[in-house]
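So the chains spell out like this:
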Amino acid sequence: MLQDKRIGFIGCGNMGEALVSGLVLSKAAKPENIICSDLSTNLLEEIQQKYGVSTTADNMEVVKNSDIIIYATKPQIIGSVLKETAPGLDKSKLIISIAAGVPLAAIAAGLGKELRLIRTMPNICAFVKESATAIAAGEFVLKGDVELARAIFDSVGETVFIQENVLMDAFTGLSGSGPAYIFIIVDALADAGVKMGLSRKDSLFLSTQTVLGSAKMLLESKEHPGQLKDRVASPGGTAIAGIHTLEQGGLRTTLINAVESAAKRSKELGDLMVKDFIENNKNNG
Ligand SMILES: NC(=O)c1ccc[n+]([C@@H]2O[C@H](COP(=O)([O-])OP(=O)(O)OC[C@H]3O[C@@H](n4cnc5c(N)ncnc54)[C@H](OP(=O)(O)O)[C@@H]3O)[C@@H](O)[C@H]2O)c1
């Protein structure tokens, strides 16, 4: 469904490149229909060579030549980029933000007009086409806009559609920030293996493969994690002894607290941003 759409990226760093790569390698979009801008000319040259897409240093050129524009700069910069590009935007274009913690209300305030807006929350696993991406739609989207966004983010993993106000902060706390928790868990398991005498290399491989295998088993068997846990933990065995220690250390409560803290922080940052963008617009008349 993206074949006849021109897709523009403003900012082509980590996430921008992951998306370009997903779209081109999965053939969801044609390279000749993709245009990217960035501050770094080296980065643009590299992206052009790797994926055969067009590049420019001019953000307005991206806006002019795209039906769908993906804002992929850091959240701290998105305010100025929205302001710079707003004059080239109208309702013929679909605007998608991947900026973490930037609410639709802030984007709308930053652009200062009624536009077709979509906010997404992908995660870093987009690099390996395994992102879990939440998609929320603004007030003025057209029929089919969410499907267009889904087609883009399906090229780097799995997508879910949500109501922004209720759930985006929860997604940010769980799947947006989640890879950081899992990386720490893998690192800690590797430390544990080293403590028990394994080499660092073997230990890291074993902990990573164990997380990968467990995730795959959950997805493929569709069994509840509790049921799978029961299949590992035999009576009087090793796994239940380890589980007892995890429960003593409060692993479950700690993870719940971590997601709650991250979601609260996402809301705090979002509220501040809405306030800032509205203030900014007032001050600029
Ligand atoms: N990384 C993640 O895990 C993750 C997960 C979910 C969502 N996100 C969101 O994805 C967005 C991008 O993150 P990222 O990790 O890809 O950041 P990144 O690697 O820093 O990429 C952003 C790119 O935008 C460029 N840029 C800066 N100002 C610009 C401007 N005025 N016009 C055009 N390009 C400009 C930057 O160039 P310079 O480096 O030269 O400044 C950089 O190459 C963020 O909003 C983030 O919240 C990231």
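Residues numbered from 1 in each chain as written. Predicted model: local features only at pLDDT ≥ 70, side-chain atom pairs only at ≥ 80, totals over all residues. Heavy atoms only, no water.

Student: Just give me the short version of the layout of surface pockets, but keep the residues and values in it.
Tutor: The calculated volume of the second largest pocket comes to roughly 760 Å³. Met 15, Ala 72, Thr 73, Lys 74 and Pro 75 are the residues nearest the centre of the second largest pocket, which is lined by 29 residues in total. Of all the secondary structure elements, the ones that give two or more residues to the lining of the second largest pocket are α1 (14–25), α4 (75–85), α7 (164–176) and α8 (178–195). For the lining of the second largest pocket, the residue count by class is 16 nonpolar, 11 polar and 2 charged. Taken domain by domain, the makeup of the lining of the second largest pocket includes at least three residues from each of domain 1 (7–168) and domain 2 (178–249). (1 Å grid on protein atoms, 1.4 Å probe; cavity = no way out; pocket = protein on both sides within 12 Å on 5 of 7 lines; lining within 4 Å. Points joined across faces, edges and corners; volume = space filled by probe spheres on them. Helix = DSSP H or I, 4+ residues; strand = E, 2+ residues; numbered from the N terminus. Nonpolar A, V, L, I, M, F, W, Y, C, P; charged D, E, K, R; others polar. Domains from an automatic or database assignment.)

Student: Summarise the pattern of salt bridges; cite the residues concerned and give the values.
Tutor: Here the structure, examined in full by the defined rule, presents 10 salt bridges. A salt bridge links Arg 200 to Asp 191, with the nearest nitrogen and oxygen atoms 2.9 Å apart. Each of Glu 17, Glu 46 and Lys 50 takes part in one network of salt bridges that share partners. (Salt bridge = Lys/Arg side-chain N within 4 Å of Asp/Glu carboxyl O.)

Student: Mind laying out the site of the ligand, listing which residues take part and the relevant values?
Tutor: The ligand sits among 21 residues. The nearest are Asn 14, Met 15, Asp 38, Thr 73 and Ala 100. Between Asp 38 and the ligand, the recorded distance is 2.7 Å, taken from a side-chain N or O atom to an oxygen atom. In the complex, the protein chains occlude 78% of the 890 Å² of accessible area that the ligand would expose alone. Here the ligand is seated within the second largest pocket. (Near = heavy atom within 4 Å. Polar contact = N/O pair within 3.5 Å; in protein donor to acceptor, adjacent residues only side chain to side chain. Areas by Shrake-Rupley, 256 points an atom, 1.4 Å probe, with all protein chains shown as cover. Sits in = over half its atoms within 2 Å of the grid points.)

Student: Help me get a handle on the sheet that holds strand β7 (residues 131–137), residues and values and all.
Tutor: On the basis of which strands lie adjacent, the open sheet formed by 8 strands has the order β3-β2-β1-β4-β5-β6-β7-β8 and mixed pairing. Looking at strand neighbours, the two that pair on one side only are β3 (54–56) and β8 (157–161), the edges of this open sheet. The sheet shows a mean angle of 25° between the axes of neighbouring strands, direction not considered. Bridge analysis of strand β4 (residues 68–71) against strand β5 (residues 94–97) gives 4 bridges, and the strand direction is parallel. Looking across to β5, one finds that Tyr 71 is bridged to Ser 97. The strands touched by α4 are β1 (7–10), β4 and β5; relative to β4, the strand with the most contacts, the crossing angle is about 155°. (Pairing = 2+ DSSP bridges. Axes fitted to C-alpha atoms, helices over the stretch in contact; angles between N-to-C directions. Contact = heavy atoms within 4.5 Å.)

Purely geometric stuff here, so don't read any function into it on its own.
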